[in-house]
Amino acid sequence: MTVLSSADRDNAEKKVKSSYFDLPPMEISAAFPQATPASKFPPCTSDYYNFNDLLTPEEQAVRKRVREFMEKEVAPIMTEYWEKAEFPFHIIPKFGALGVAGGSIKGYGCPGLSITANAIATAEISRVDASCGTFNLVHTSLGMLTIALCGSEAQKQKYLPDLAQMKTVTCWALTEPDNGSDASALTTTATKVEGGWVLEGQKRWIGNSTFADLLVILARNTTTNQVNGFLVQKDAPGLTVTKIPNKIGLRIVQNGDILLKNVFVPDEERLPGVLAVSRVMVAWQPIGISMGVYDMCHRYLMERKQFGAPLAAFQLNQQKLVKMLGNVQAMFMMGWRLCKLYESGQMTPGQASLGKAWISSKARETASLGRELLGGNGVVGDFLVAKAFGDLEPIFTYEGTYDINTLVTGREVTGIASFKPPASRGRSRL
Amino acid sequence: MKILVAVKRVVDYAVKIRVKPDKTGVDTQNVKMSMNPFCEIALEEALRIKEAGFAKEVVAVSIGPSQCVDTLRTGLAMGADRGIHVEASYSFLPLTIAKILKSLADVENPGLIFLGKQAIDDDCNQTGQMVAALLGWPQATFASKVVLDKDKQSATVDREVDEGLETLSVDLPAVITTDLRLNQPRYATLPNIMKAKSKPIKKMTLEDLKVDIKSDIEIVEVTEPPKRKSGVIVSSVDELIYKLKNEAHVV
């Protein structure tokens, strides 16, 4: 009789244990057969008031094309990348071929889309995956647009064509650990030296920065005390970029902490001005996300059955669904009007801030209702809504928090700025 | 050389169609419409021929209601140089379409006319052949490969036929209809979608083209195919033979 030594016995037991315990996860369609997962994206049922009618034929064609692209290329892979918090680099050339980068910039290989077309494209990208929406927003409406509006002709010729094809990727570094909402108080400095400038400071939350080829860094020109933009190449000596982990939303976006220690930037890589006109585009991300959430919930409620009936047969579910639908129509209308105000040159900062604040708030409510409707499947990314739910949190906050945007509009409509806390008055009057 | 490509606006291939209650046809209200997939392949081939330097201009033509302009814009976004919309308030059958295309060919003088082999709504597979006959031009249908010879002014076309592949040589001008494996149509890029805005689409009427639209065919009724009945389990081979002989009448 062979007696197993204790070592052999452990190994034997290990072999038996691992074949039971270490199986890979079940394929989602087998684990939950009743409903189709988001990898096969649901058709669009959220355009209830047929807003397509308001779009020009080009804008409709752009909408259709971007939707096709996202449903085909991103929907099948997004759950996995969101879970791993990784970026699917292999789709960057495909995005480049689509021609969406560069948005409304004219010339230099950019598509020259109308503001509304660019907004619709942003919505359609975000409808499937908000992180990709942010990736393109940062690249196009922050990085590229800054170069297009504030750069010299030489800088535009040098950088924009490759960025438009996404042969290179850019980012836009404004926020600092100590300066978020109070962005204009930023402390990263740019000091004049022979032949250029030396940047010193720290940035946080910078999307795309961990892999961007070109970084647009906003720093305070110590000579003029104004904030300028500086074009920094990746791998520049003194530049360190590290990924921010543990995010609950927009997990596919790679946000970076940036350290600048004595980073030299030649004179010709300084941008004279700084502008951020992306608030309108950002407002379209929650619109797109809400459309996707509704589309998913609509399909799910028709497919999933309990107590012998589809979920769509229950009154409480219909009420939630219809509430979501109403929200989507209202958000779209507001976003569309904001685009028209922008296109006609009338738009004020307060109008843009109101749009972004209200829309992102309504979207959060919409995603919350959607999360309830999907029950258990509303807590896994495979069915889109849980991912959207998480993604809306950073969107509610970035590009001006809800609160700050509210105060921007508040100042505009009352004439009274209420950003700073009230000065201490000594004795309380209570 | 100019290439004329006929593109048809049809119900999108992914749509689940329903027959109208009055049985006059398929319900197309609020249904997604797209360019016929075989027409996309035809347009793609024309664009590739132009890009190879064998043609100067690709002209897309569509016949139907005003929404056909959307289909033409898709074609322009893919790369066609200009479009022609022949306004017609209802859908025509192949012979009428062929007569219209012949009139257009007399005006435009193309060196090649490309069509899809058939439309996915009626599956007629007639229009290309009829156009060629009306013009007296050679035809190569079900093309899976097209190679042009500029000097000889001819095209060598591989055709997908039931027995396999047949290779034909046709002198230009000629009519070619395209089959599935000829090419993979390109996706329009956003910059091209925006550029398509400024490409011209000429509107023409049936009066302009002097075409007689009286049809010799009337659609009497459109119904769904009968629902598949469930099968029957037989208890023996004898019973099977009996049923095949006396009920199904196949032996």
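If you're wondering where the values come from, they're calculated on a predicted model, not measured in any experiment. (Residues numbered from 1 in each chain as written. Chains lettered and ligands numbered in written order. Predicted model: local features only at pLDDT ≥ 70, side-chain atom pairs only at ≥ 80, totals over all residues. Heavy atoms only, no water.)

## As for the sheet that holds strand β11 (residues 201-204) of chain B
Residues and elements named next belong to chain B. As a reminder, the rule being used: A pair of strands counts as paired when DSSP detects no fewer than two bridges linking them. Helical segments are the DSSP runs of H or I of at least four residues, strand segments are the runs of E of at least two, and each set is numbered from the N terminus. Every axis in this analysis is a line fitted to C-alpha atoms, fitted for helices over the stretch in contact. Angles between the N-to-C directions lie between 0 and 180 degrees. Residue contacts are defined here by distance: any two heavy atoms, one from each residue, within 4.5 Å place the two residues in contact.
The nine strands are arranged β9-β8-β7-β10-β6-β1-β4-β5-β11 in an open sheet whose pairing can be described as mixed. Of all strands in the sheet, those with a lone pairing partner are β9 (164-171) and β11, marking the two edges. The sheet shows a mean angle of 30 degrees between the axes of neighbouring strands, taken without regard to direction. Across five bridges, the pairing between strand β6 (residues 112-116) and strand β10 (residues 174-178) is parallel. Within the sheet, the bridge partner assigned to Gly116 lies in β10 and is Thr178. Sitting on the sheet, helix α1 (residues 37-51) touches β1 (2-6), β4 (57-64), β6, β7 (139-149) and β10, and the angle it makes with β6 is about 150 degrees.

## Some words on the pairing of β10 of chain B
Residues and elements named next belong to chain B. Condition: Note on classification: 1.4 Å probe, protein chains only; a residue is buried when its accessible area is under 20% of the maximum for its type, exposed when over 50%, partly exposed between these limits.
Most of β10 sits out of view: five of its five residues are buried. The two faces of β10 match: Ala174, Ile176 and Thr178 on one face and Val175 and Thr177 on the other face are all buried. Bridge count between β7 and β10: three bridges; the pairing is parallel. When the bridges of β10 are listed, Ala140 appears paired with Ile176.

## Some words on the nonpolar core
The condition is simple: Residue types Ala, Val, Leu, Ile, Met, Phe, Trp, Tyr and Cys, when buried and joined through side-chain atoms within 4.5 Å, form a set referred to as a nonpolar core.
Ranked by internal contacts, the top residues of the largest apolar core, which has 155 residues, are Phe95 and Leu199 of chain A. Element by element, the count of residues in this core is highest for helix α9 (residues 279-303) of chain A, at 14 residues. Excluding anything up to four places from it in sequence, Leu199 of chain A contacts Thr189, Ala190, Ile217, Ala219, Phe230, Val232, Leu260, Lys261, Asn262, Val263 and Val265 of chain A. Residues Ala6, Leu101, Val131 and Ala132 of chain B belong to the second largest nonpolar core, which totals 26 residues.

## Quick word on the packing of helix α6 (residues 115-128) of chain A against helix α7 (residues 130-150) of chain A
Helix-helix packing: each pair is described by the crossing angle between the helix axes and the interaxial distance. All names here are of chain A. Keep this limit in mind: In this classification, the charged set is Asp, Glu, Lys and Arg, the nonpolar set is Ala, Val, Leu, Ile, Met, Phe, Trp, Tyr, Cys and Pro, and all remaining amino acids, among them Gly, are polar.
Where α6 meets α7, the axes come as close as 6 Å, and the angle between the chain directions of the two elements is 145 degrees. Listed contacts from α7 to Asn118, Thr122, Ile125, Ser126 and Val128 of α6 are Ala130, Cys132, Gly133, Asn136, Leu137 and Ser141. Per-class residue counts for the contact of α6 with α7 are five nonpolar, six polar and no charged.

## Considering the pairing of strand β7 (residues 227-233) of chain A
Looking along a regular strand, one sees side chains alternate from face to face of the sheet. All names here are of chain A. The buried count for β7 comes to five of seven residues, which makes it a mostly enclosed element. Across seven bridges, strand β6 (residues 214-221) lies against β7 in antiparallel orientation. When the bridges of β7 are listed, Leu218 appears paired with Gly229. With antiparallel pairing between neighbouring strands as the criterion, β6 and β7 make up a hairpin whose turn holds five residues, including Asn225 at a positive phi of roughly 65 degrees. Bridge count for β7 against strand β10 (residues 270-271) is two bridges, and the pairing is antiparallel. Its bridge partner lying in β10, Gly229 is registered against Leu271.

## Quick look at the interface of chain B and chain A
Interfaces are frequently sized by the accessible area removed from exposure as the parts join. Cut-off, in case you're wondering: As used here, buried area is the combined drop in accessible area, with a 1.4 Å probe, of two parts when they are placed together. Salt bridge criterion: a side-chain nitrogen from Lys or Arg within 4 Å of a carboxyl oxygen from Asp or Glu. Two N or O atoms count as a polar contact when they lie within 3.5 Å, although within protein this holds only if one can serve as hydrogen donor and the other as acceptor, and sequence-adjacent residues are included solely when both atoms are side-chain atoms.
Contacts between chain B and chain A engage 10 residues on the former and 16 residues on the latter. Counting each side, the surface lost to burial between chain B and chain A is near 1,200 Å², with a carbon and sulfur contribution of 69%. Its largest share of buried area at the contact with chain A, chain B owes to Tyr187, Leu190 and Met194 of chain B, together 50% of the area lost on that side. There are zero salt bridges connecting chain B and chain A. At the boundary of chain B and chain A, one finds two residue pairs in polar contact (both at pLDDT 80 or more). It is helix α5 (residues 190-196) of chain B that provides the largest number of residues to the side of chain B that touches chain A, a total of four residues.

## Things to note about the state of the cysteines
Working definition: the covalent bond between the sulfur atoms of two cysteines is a disulfide. All names here are of chain A. Quick note on the threshold: To count as a disulfide, a pair of cysteine sulfur atoms needs to be within 2.5 Å.
One pass over the full model with this rule turns up zero disulfides over all chains. The closest cysteine sulfur to the non-disulfide-bonded Cys150 is located on Cys110, 15 Å from its own sulfur. Judged by its relative accessible area of 11%, Cys150 falls in the buried class. With no disulfide of its own, Cys171 has Cys150 as its nearest cysteine by sulfur position, at a separation of 16 Å.

## Some words on the UniProt feature "domain: Electron transfer flavoprotein alpha/beta-subunit N-terminal" (unreviewed entry) in chain B
Under the convention used in this document: UniProt positions are given in the numbering used here, feature names are shortened, and annotations may be inferred rather than shown by experiment.
When the UniProt feature table is mapped onto this chain, "domain: Electron transfer flavoprotein alpha/beta-subunit N-terminal" (unreviewed entry) is found at residues 23-213 of chain B. Between the C-alpha atoms that bound residues 23-213 of chain B the distance is 23 Å, and the span itself is 32% helix and 30% strand.

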